[in-house]
Every structure is written in structure tokens, then in C-alpha cells.
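Below are the chains, spelled out letter by letter.
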Amino acid sequence: LSGACLCGAIALRVRTDAVEARECHCTQCRRQSGHVWAFLTVPWDAVEWSVTPAIYQHSVKADRGFCAECGSSLLWRGVKDGQAVEDDVEVSAGALDAPTGMRLSHHVRVDHKGDYYEIADGVPQRGN
């Protein structure tokens, strides 16, 4: 898979056979993205970045990566004491070029979803 941020300053390539994307409905993802955040989970070393995304540690548990030029959200990863705690990274599905071959496998953090919409697509939903 390949993709880029909105302005094209950061290109990415993802080596994966994964085809399942998820959507997060938590307050932080909604505030960061403007609605829900769709993502693909892959090993960190499966992603090649043309430029390393800028990192914002939005909580003691996680970082978010974005383009410093246009602000496009590109990644989420778990951290502890400023260090990545997982080998996996969640890459923005919206940054990937079509066709991706992906399908939405489930919604997460639906217990925190906004009150202005309903989830009625028949895809499984998970709370926390």
C-alpha cells in the first residue's frame, strides 16, 4: 500500500497483507480527526516514511504522528515514558491510496462516540 499526507510532503509505503481497518470513536480521535478515525494496524517496521512524521504525545499512553506542513493525521502508537511500547503502529486508512483492498472489520471505543451520529452499518462494535 502507498499513500501520503494532504500536501504530499510525507509519502508512505506499507508492506502488509492486512485487509482489516477499524474505526475509533473515542473523544481524542474525534477531536484530532474531526469525526472518527479509520486505521490499519501494522508492525512499525512495515512502514517506510519519506519523512518522519512530527510526533505529538497526546497522553501518557500514546503518540500521534502528523505532517508538520499540512497537519494530516498519519499514525497512532502506544508509548510509556516517551518510548514506544508496542511493535505495532496504527496508520491512518485515509492517507492510503485507493484501491486498498481493505474492509472495515469493526468499530472501537463506541462507548465514547459522539451523540450526533449513529453507527448503523452492521459492522461489529466494541466498547473500550
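Up top you'll find the structure we're talking about.
Remember, predicted model here, so these are calculated numbers, not experimental data.

**Observations concerning the packing of aromatic side chains**
- Counted under the stated rule, the structure contains 2 aromatic pairs.
- Taken together, a centroid distance of 5.4 Å and an interplanar angle of 20 degrees make the contact between Trp-37 and Phe-39 stacked.
- Against the face of Trp-44 rests Arg-77, its NZ or CZ located 5.0 Å from the ring centre.

**Some words on unusual backbone geometry**
- Following Ala-98, the chain continues to Pro-99 via a peptide bond in cis, the omega torsion being 0 degrees.
- In this structure, Pro-99 sits in the loop between β10 (88-92) and β11 (103-108).
- Backbone geometry at Arg-109 places phi at a positive 55 degrees, although glycine is not the residue there.
- As for its position among the elements, Arg-109 is in the segment after β11.
- Look at Arg-109 and you get partly exposed, because its relative accessible area is 29%.

**Side note on the nonpolar core**
- If you look at the biggest cluster of nonpolar residues, it comprises 19 residues, and the most contacted ones within it are Leu-12, Val-42, Val-47, Trp-49 and Leu-74.
- Secondary-structure elements contributing two or more residues to this core are β2 (11-14), β4 (37-43), β5 (47-49), β8 (73-80) and β10.
- When sequence neighbours within four positions are dropped, the list of residues in contact with Trp-49 reads Ile-10, Ala-11, Leu-12, Trp-44, Leu-74 and Leu-75.

**Details of the environment of Pro-99**
- In this structure Pro-99 comes out as exposed when scored by relative accessible area, which is 76%.
- Sequence separation between Pro-99 and Ser-2 is 97 residues, and the spatial gap between their C-alpha atoms is 9.8 Å.

**Describing the sheet that holds strand β1 (residues 2-4)**
- Spatial ordering of the open sheet is given by β1-β2-β5, a layout of 3 strands whose pairing is antiparallel. Two strands lie at the open edges of the sheet, namely β1 and β5, each paired on one side alone. Taking the axes of each pair of neighbouring strands and ignoring which way they run, one obtains an average angle of 20 degrees across the sheet.
- The pairing of β1 with β2 spans 3 bridges and is antiparallel. Following the sheet pairing, Ala-4 is matched in β2 by Ala-11.

**So, the state of the cysteines**
- Counted by the stated rule, this structure contains 0 disulfides.
- For the unlinked cysteine Cys-67, the closest cysteine sulfur is that of Cys-5, found at 3.7 Å.
- No disulfide involves Cys-70; its sulfur sits 3.7 Å from the nearest other cysteine sulfur, which is in Cys-67.
- The class for Cys-70 is partly exposed, based on a relative accessible area of 30%.

**Structural notes on a negative patch on the surface**
- Among the surface-exposed residues, Asp-45, Glu-86, Asp-87 and Asp-88 lie close enough to one another that they form a single negatively charged patch.
- Structurally, Glu-86 is set in the loop between β9 (83-84) and β10.
- A relative accessible area of 41% places Glu-86 in the partly exposed class.

Conventions we followed
- Residues numbered from 1 in each chain as written.
- Predicted model: local features only at pLDDT ≥ 70, side-chain atom pairs only at ≥ 80, totals over all residues.
- Heavy atoms only, no water.
- Phe/Tyr/Trp six-rings, centres within 6.5 Å; stacked < 30°, edge-to-face > 60°.
- Lys NZ or Arg CZ within 6 Å of the ring centre and 35° of its normal.
- Helix = DSSP H or I, 4+ residues; strand = E, 2+ residues; numbered from the N terminus.
- Buried < 20%, exposed > 50% of the residue type's maximum accessible area, 1.4 Å probe, protein only.
- Core = buried A, V, L, I, M, F, W, Y, C linked by side-chain atoms within 4.5 Å.
- Contact = heavy atoms within 4.5 Å.
- Pairing = 2+ DSSP bridges.
- Axes fitted to C-alpha atoms, helices over the stretch in contact; angles between N-to-C directions.
- Disulfide = S-S within 2.5 Å.
- Patch = residues over 30% accessible without salt bridge, like charges linked within 9 Å, V, L, I, M, F, W, Y side chains within 5 Å.
- Areas by Shrake-Rupley, 256 points an atom, 1.4 Å probe, with all protein chains shown as cover.
- Salt bridge = Lys/Arg side-chain N within 4 Å of Asp/Glu carboxyl O.
- Lys, Arg positive; Asp, Glu negative; His and termini not counted.
- Charge placed at Lys NZ, Arg CZ, Asp CG, Glu CD.

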